[in-house]
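Here are the chains, one letter per residue:
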Amino acid sequence: MRIGPYFDPRYPEVFTAFSIEHWIAIMVFIALGSLLYLFRTTIASKPSLQKTVRWGLLAALSLPEASLHIWYASTGIWDPATSLPLELCSLTLFLSIAILLTDERRLYPLVYFAGIGGALQAILTPNLGYPFPHFRFFHFFVVHIAIILTALYMTWVRGYRPTWKSIAWTMVFLNVSAFVVGLVNLAVGSNYMFLMHKPDTASLLDLLGPHPVYILVEELIALALFILMYIAFFVIPDRLKRSRRPKQEPTTFSSADS
């Protein structure tokens, strides 16, 4: 099957972190997140806008991911060791699609904590072999940005909130997922979720020690990050709002009232 150069799995150039194209992708992410925040009240007040944003996010999540697997198959590079959707961001992508379709509140902590935590790291330190303007470049950044925007949409527009208990629920989800994915890794010789070794490209894992130490350190960092995300974006703002409320004057009674 003849394919264009920007779909060629043997594309001659490689992705370079913090290149101009990488910075543009980061700026697009920041711009979209800022717009969602600025217009959150307007979107929340108009069901038609909510529907537009929701279906836009669904398209940004599902269409590139479906195209990726079509690309794997059409180019003959599909391999169970590299092509199964078993990375953390792949799992949160499907959870993001599910929560947009169902409004299921039990999925929200997973999308908020694991989705933002994993996708943000991916955007800043991409494990990506293809540069702009290859198809994989667009797939990578579109779906990771959409994962984060979905979590922010459910928070800012739909009004969902995590709890302290939901942090524990997210950690249980991550560990159960890692156990299952680890079994798949042993069965097919893969390295999903980087459980067997670090990625070949530079990443934050390079700072966390050798295998398997970095997995344990990663767990502690994830827990600390989730706690920080909850305190910074929910606990502190709530306390600031309470402190700004005018205090009610105490009621006084005169002798004439007696």
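Structure shown above.
Rules behind the numbers
- Residues numbered from 1 in each chain as written.
- Predicted model: local features only at pLDDT ≥ 70, side-chain atom pairs only at ≥ 80, totals over all residues.
- Heavy atoms only, no water.
- 1 Å grid on protein atoms, 1.4 Å probe; cavity = no way out; pocket = protein on both sides within 12 Å on 5 of 7 lines; lining within 4 Å.
- Points joined across faces, edges and corners; volume = space filled by probe spheres on them.
- Helix = DSSP H or I, 4+ residues; strand = E, 2+ residues; numbered from the N terminus.
- Salt bridge = Lys/Arg side-chain N within 4 Å of Asp/Glu carboxyl O.
- Buried < 20%, exposed > 50% of the residue type's maximum accessible area, 1.4 Å probe, protein only.
- Core = buried A, V, L, I, M, F, W, Y, C linked by side-chain atoms within 4.5 Å.
- Contact = heavy atoms within 4.5 Å.
- Expected span 1.5 Å × (residues − 1).
- Bend = angle between axes of the 7 residues up to and from the residue.

Taken as a whole, the second largest pocket holds about 500 Å³ of empty space. Broken down by secondary-structure element, the contributors of at least two residues to the lining of the second largest pocket are α1 (20-38), α3 (47-75) and α6 (135-156). A total of eight residues in the lining of the second largest pocket trace back to one element, the largest contributor, which is α6.

In this structure the tally under the stated criterion is four salt bridges. D103 serves as the salt-bridge partner of R158, at 3.0 Å between the closest nitrogen and oxygen. Within this pair, whereas R158 is found in the loop between α6 and α7 (164-188), its partner D103 is found in the loop between α4 (88-102) and α5 (108-124), the two being separated by 55 residues in sequence. Among the residues examined, D103 registers a relative accessible area of 23% and is labelled partly exposed. Here D238 ties to R161 by a salt bridge, and the two come within 2.5 Å at their closest N and O atoms. One end of the pair, D238, is in helix α8 (residues 213-244); the other, R161, is in the loop between α6 and α7, and 77 residues separate them in sequence.

Formed by 53 residues in total, the largest nonpolar core has its most connected members in F141 and F226. Looking at this core, the elements that each hand over two or more residues are α1, α3, α4, α5, α6, α7 and α8. Top contributing element to this core by residue count: α6, with 13 residues. The contacts of F226, once residues within four sequence positions are left out, are F113, A114, I167, T170, M171 and L174. In terms of nonpolar packing, the next biggest core, distinct from the first, is built from six residues, L68, W71, Y72 and Y130 among them.

As a further point, take the side chain of T92. As for its position among the elements, T92 is in helix α4. Setting aside chain neighbours within four positions, we find T92 in contact with L110, A114, G115 and I147.

Within the element layout of this structure, L216 appears in helix α8. Between the C-alpha atom of L216 and that of V188, which follows or precedes it by 28 residues, the distance is 23 Å.

Before going further, it helps to examine α8. Residues three or four positions apart in an α-helix share a direction because the helix packs 3.6 residues into each turn. Helix length check: α8, at 32 residues, gives a terminal C-alpha distance of 45 Å against a target of 46 Å (1.5 Å per residue), a fit within 8%. I231 marks where α8 bends most, by close to 40°. What α8 keeps buried is the set Y214, A222, F226, M229, Y230, F234 and V235. For α8, the elements touching its buried residues are α5, α6 and α7.

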